[in-house]
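# Reading the structure
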Amino acid sequence: MEFEIHADGSVSVVVHDADGKDILQSAQAADRLQERALRREYEEELWHVAECCFEPDFFKGGPARSLITHVREVYGDELEFLWRKSPGSAIVRRKDTEKWYAVFLAVPRLKLGGSSKERVEVLNLRVCPGELDGLVDHRSRFPAYHMNKKNWVSLCLDGAVPFEELAARLETSRRLAGK
């Protein structure tokens, strides 16, 4: 398989068989089952190239970018994009325990209990037992989206929660994911 990635982001691909024939052109004449299997392998290889060669850039807001930089500089941890069906979601885990301590997501406010379909970047963090009730305000702090709602909180990364608080809560979440 030969990939050519152009400056405009477009990709050209030529797939050869063992004899050097262009498989994609000859696949048009092949049966549908073989064509689907080839397409699956092709897409899998494209994902592999993307994962190895490009850094995802899904989080655009200042608070999200600042926290991602903070995680890298302070803890040496990197975002992990685990779900191909949800490429704009990433986790951060401790190296020593392999436990997650943060999840970055972009979700519609409706999913948090809001009234708008506007997408908002959120950070899911672990919280100390019993702390959640006093923390949730249903404006910028919510019971965690798509996580255990007793031990996790979702914080909007729209500027409503100060960076200092986000960094402190991130530290607590990381500590709670420890041994």
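Residues numbered from 1 in each chain as written. Predicted model: local features only at pLDDT ≥ 70, side-chain atom pairs only at ≥ 80, totals over all residues. Heavy atoms only, no water.

In this section: the overall build of the protein chain. Looking only at helices and strands, the protein chain has five helices and seven strands in total. The buried share among the 179 residues of the protein chain stands at 34%. Sequence separation of at least 24 residues holds for 46% of the intrachain contacts in the protein chain that already meet a minimum separation of 6. When the accessible surface of the protein chain is totalled, it reaches about 11200 Å², and 51% of it is carbon and sulfur. (Helix = DSSP H or I, 4+ residues; strand = E, 2+ residues; numbered from the N terminus. Buried < 20%, exposed > 50% of the residue type's maximum accessible area, 1.4 Å probe, protein only. Contact = heavy atoms within 4.5 Å. Areas by Shrake-Rupley, 256 points an atom, 1.4 Å probe, with all protein chains shown as cover.)

Per-residue confidence for the protein chain gives a mean pLDDT of 81, with 87% of residues at or over 70. The lowest-confidence element of the protein chain is helix α1 (residues 23-27), averaging 56 in pLDDT; the highest-confidence one is helix α5 (residues 163-176), averaging 96. (pLDDT = per-residue confidence, 0-100.)

The phi angle at Glu98 is positive, at roughly 65°, despite the residue not being glycine. Tracing the chain through its elements places Glu98 in the loop between β3 (90-93) and β4 (100-108). For Glu98, a relative accessible area of 46% translates into the label partly exposed. Phi at His138 takes a positive value of approximately 60°, unusual for a residue other than glycine. Its location among the elements puts His138 in the loop between α4 (132-135) and β6 (141-143).

So, on to the pairing of strand β5 (residues 119-126). Among the eight residues in β5, six count as buried, and that is most of the element. With seven bridges joining them, β4 and β5 adopt antiparallel strand pairing. Opposite Val103, over in β5, you have Asn124 as the bridge partner. One ladder, built from five bridges, connects β5 with strand β7 (residues 152-156); its direction is antiparallel. Opposite Arg126, over in β7, you have Trp152 as the bridge partner. (Pairing = 2+ DSSP bridges.)

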